[in-house]
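# Structural overview
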Amino acid sequence: MTRRHVRVVGAMLQNEMGRYLITQRPPSASLPLLWEFPGGRVEEGEHDAVALARELQEEMGVRIEVLEQVMHTHHEYPTYDIDFRVFRCRLSQPDAEIHHLRVHDHRWVALEEMGQYRFPDADAKTLARLLDLDH
C-alpha cells in the first residue's frame, strides 16, 4: 500500500510587536484543537504562495503577501507523510480583523510563550527550528 503524501504550507506572520499568529484547529478537524501556524494543503497544480494566500482568505478572511520560504520539513504521521513549507508573510492590511471562518481560535504569541500551546508534530519541528534560529 502506498503512503499518502500531503504538501502543506504555513504562514509565519509577525505583527509590529514581534508576536506570531497561531491558530487553533476546529474540534471536528484531524488533530482537533491543536495550535498551528495558519495555512493548509496545496491543491494539485497549485503554487505554494497561491495556496497559502487562498487558505488564509478561506480560514480567516485576511489577505496576505507571501514573502520568502523560511523553513521546510518532512514529517511522517502513522498513515501519511507531510511535506511542510513555512513562508514569511505579512498581512496586506496590518489592522485587518481576523475572522474564525475555518479556525476555532487565534492568538498573537511571543516566541517564549509558544511552549504553552500544543502543536501537531510537523508544526512542533518548525517551531523548534524557529526557536533555535533566534537564540
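Where an unreviewed UniProt entry is consulted, the chain appears under the name 8-oxo-dGTP diphosphatase, with the organism given as Corallococcus macrosporus. What the UniProt record of the chain gives under Cofactor (unreviewed entry) is the line "Mg(2+)". Looking at the chain in UniProt, the text filed under Sequence similarities (unreviewed entry) is "Belongs to the Nudix hydrolase family."

## Points about the sheet that holds strand 1 (residues 4-13)
Across a sheet, paired strands are connected by hydrogen bonds in the backbone, their directions being either parallel or antiparallel. A sheet is described by the order of its strands in space; here four strands give the open sequence 4-1-6-5, paired in mixed fashion. Since the sheet does not close on itself, it has two edges, and those belong to strand 4 (39-41) and strand 5 (64-76), each with one partner. This sheet shows a mean twist of 20° between the axes of neighbouring strands, independent of strand direction. Sheet topology note: the strand 1/strand 6 (residues 80-91) ladder contains 10 bridges and is parallel. Counterpart to Ala11 in the pairing with strand 6 is Phe87.

## Section: the packing of aromatic side chains
The geometry of an aromatic ring pair is captured by two quantities: the separation of the ring centres and the angle between the planes. The final tally for this structure, using the stated rule, is three aromatic pairs. Measuring from centroid to centroid gives 5.1 Å for Trp35 and Tyr117, while their planes differ by 75°, and the two rings are edge-to-face. A residue pair is termed long-range when its members are at least 10 positions apart, and Trp35 in strand 3 (residues 35-36) and Tyr117 in the loop between strand 7 (105-109) and helix 2 (121-133) qualify at 82 residues. Against the face of Tyr80 rests Arg4, its NZ or CZ located 5.0 Å from the ring centre.

## Quick look at the pattern of salt bridges
Across all of its chains, the model carries 14 salt bridges by this definition. For Arg25, the salt bridge is made with Glu36, and the minimal N-O distance between the two is 2.9 Å. Linking Arg25 in the loop between strand 2 (20-24) and strand 3 with Glu36 in strand 3, this pair joins segments that are 11 residues apart in sequence. According to the relative accessible area criterion, Arg25 is buried, its value standing at 16%. For Glu36, a relative accessible area of 11% translates into the label buried. Ionic pairing is found between Arg85 and Asp83, a salt bridge with its closest N-O pair at 3.3 Å. Connected via shared salt-bridge partners are Glu43, Glu46, Arg54, Glu55, Glu58 and Arg102.

## With respect to the sheet that holds strand 7
Strand order in the open sheet made by the three strands is 3-2-7, with antiparallel pairing throughout. Edge positions in the sheet fall to strand 3 and strand 7, since each of these pairs with one other strand and no more. In this structure, strand 2 lies alongside strand 7, joined through five bridges in antiparallel fashion. Bridge assignment links Ile22 to a residue of strand 7, and that residue is Arg107.

## What about the nonpolar core?
Ranked by size, the top nonpolar core spans 19 residues in total, and within it Ile22, Ile82, Phe84, Met114 and Phe119 carry the most contacts. Secondary-structure elements contributing two or more residues to this core are strand 1, strand 2, strand 6 and helix 2. Here this core takes four residues from strand 6, the largest share from any one element. Setting aside residues up to four positions removed in sequence, Phe119 forms contacts with Ile22, Leu34, Trp35, Glu36, Met114, Ala124 and Leu127. Listed in part, the 16 residues of the second largest apolar core include Leu13, Leu52, Met60 and Val62.

What counts as what
Residues numbered from 1 in each chain as written. Predicted model: local features only at pLDDT ≥ 70, side-chain atom pairs only at ≥ 80, totals over all residues. Heavy atoms only, no water. UniProt positions renumbered as here; feature names shortened; annotations may be inferred. Pairing = 2+ DSSP bridges. Helix = DSSP H or I, 4+ residues; strand = E, 2+ residues; numbered from the N terminus. Axes fitted to C-alpha atoms, helices over the stretch in contact; angles between N-to-C directions. Phe/Tyr/Trp six-rings, centres within 6.5 Å; stacked < 30°, edge-to-face > 60°. Lys NZ or Arg CZ within 6 Å of the ring centre and 35° of its normal. Salt bridge = Lys/Arg side-chain N within 4 Å of Asp/Glu carboxyl O. Buried < 20%, exposed > 50% of the residue type's maximum accessible area, 1.4 Å probe, protein only. Core = buried A, V, L, I, M, F, W, Y, C linked by side-chain atoms within 4.5 Å. Contact = heavy atoms within 4.5 Å.

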